[in-house]
Each structure stands twice: as structure tokens, then as C-alpha cells.
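# Structural features, examined
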Amino acid sequence: MNATPSPSSALFAGQRALITGGTQGIGKAVAMRLARQGAHVYLNFSRNLAAAEEAIAAFRAAGHSAQLAQADLSDPAAIDAMLQSIAADGPLDILVCNAAYQEKVPFLDTSLALMQQTFAVNVFGNVHIVQSVGKRMVELGAKGRIVVCTSPHGTYVYNESFAYDISKAALNHMVRGAALALIAHGIRVNAVDIGW
């Protein structure tokens, strides 16, 4: 059962939002805020089914409109299948890219395999999902919003997170490129530089 938001909390009433990494931590908090303000939220997760089921139960217990949307963001085919399933319900108004992959390994010990895994999610996965959702918004003439969660790691370097640091730097530049391309269609793309 969907909750009916009060006029003061209905900023996103009738809108549909996908939050990647939406079943835990910051992603879950963002999704909850959107849901409280009237949005129907899709909570993306990759593998942790227990956390996903716990999250969706909490949303439904609060009377919020929410669904789970499983996809490993390192797999373009899985992203496409998730977006196709969501599109069957109607177009997205909001995309929040929050999911990320990180292993703390210093520069001299960083393997090519770790670089590939980190970039597969943090860069290529985000590029694919932003591009796919952006194209669909353009096709529909929708004035949507896309928010990408980045971090100080995209600007500064740390001793034990080389792969993550440069993936976030690449993500920052991706946001600039996507914003430049999509603003002409009335679609806003912004990064949120999340600190501690």
C-alpha cells in the first residue's frame, strides 16, 4: 500500500526514481528521503539479497512506494535488463548513481584485475546507466534529473585506494561530459561530492 504524502512533503509526488546501491548506507538514505517526499523508488542492489529484503520491508512498513531492482553494475546486460523491467512501469524521472566498488590496496600492489573490477562498476557501469537513462529521457522529451555520488577521492589521493581514487576522478569528468550533452535537452546532471 502506497502512502499518500502530505502537501508539504510531496515534492516528488508521482515521480519515479532509481537509486543504485539503494538498499544500504547512503543510497538507502537517499531513497528513503525521495520516498518520503512522494517518489516511487527502485532500490538497486547487486548480490546482498538479505540486505535488500530488509530494506524493502522497511520502506513498505513506512508506507512508501518501493521496489527492488537487482543488477550487477559491472555487467552491461544486467543493467539493460533492469532498465527494461523498470521501463515496463513507465519512464524514470530521477536517477541517483550511488553504487561503487572499492578495495583498499596501495599503488604498488594494485593489480590490473583490481583496476578492471573497480572501473567496471565505478566508471563503465555508471557511464552505461547514465547514457541509457539519458537517451530514454531525451526520446521522451522528459526534463529528468541525474545525480552521481562521487567523493573527495576524485580530487585527492590516498595511500591505500589508488584504483578507487582514479575511478572517482574519471567519474567526475564523466559527469561534466554528461551534463554538457544533456542540458541541451533540459536534463540536469550533477555530482554530489560526499565526504565523511
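The text that follows walks through the structure, step by step, so that each part is easy to find. (Residues numbered from 1 in each chain as written. Predicted model: local features only at pLDDT ≥ 70, side-chain atom pairs only at ≥ 80, totals over all residues. Heavy atoms only, no water.)

As enumerated under the stated definition, the model contains two aromatic pairs in all. With centroids separated by 4.7 Å and ring planes inclined at 75 degrees, the aromatic side chains of Phe107 and Phe162 adopt a geometry described as edge-to-face. Taken together, the positions of Phe107 in the loop between β4 (94–97) and α4 (112–140) and Phe162 in helix α5 (residues 162–182) put the pair 55 residues apart, joining distant regions of the chain. The class of Phe107 is exposed, set by a relative accessible area of 51%. Phe162 gets classed as partly exposed once you look at its relative accessible area, which sits at 26%. (Phe/Tyr/Trp six-rings, centres within 6.5 Å; stacked < 30°, edge-to-face > 60°. Helix = DSSP H or I, 4+ residues; strand = E, 2+ residues; numbered from the N terminus. Buried < 20%, exposed > 50% of the residue type's maximum accessible area, 1.4 Å probe, protein only.)

Counting through the fold element by element, Thr110 comes out in the loop between β4 and α4. The sequence separation of Thr110 and Val133 amounts to 23 residues, and the corresponding C-alpha distance is 32 Å. Discounting residues that sit within four places of it in the chain, Thr110 has contacts with Val105, Met115, Phe162 and Ala163. Engagement of the side chain of Thr110 in a polar contact is seen with the backbone oxygen of Pro106, the distance being 2.8 Å. (Contact = heavy atoms within 4.5 Å. Polar contact = N/O pair within 3.5 Å; in protein donor to acceptor, adjacent residues only side chain to side chain.)

As for its position among the elements, Ile94 is in strand β4. Distance in space between the C-alpha atoms of Ile94 and Gly144 is 5.9 Å, their sequence separation being 50 residues.

So, on to helix α3 (residues 76–87). Between its first and last C-alpha, α3 extends 16 Å over twelve residues, near the 16 Å set by a 1.5 Å rise per residue. Listed as buried for α3 are Ala78, Ile79, Met82, Leu83 and Ile86. Down the axis of α3, the smallest arc covering the buried residues is 130 degrees, so these residues share one side. In α3, those exposed residues whose orientation departs by more than 90 degrees from the buried face are Ala77 and Gln84. Close packing links the buried residues of α3 with β1 (16–19), β2 (40–45), β3 (66–70) and α4. Capping the start of α3, Asp75 holds a side-chain oxygen 3.0 Å from the backbone nitrogen of Ala77, two or three residues further along. (Expected span 1.5 Å × (residues − 1). Arc of directions from axis to C-beta.)

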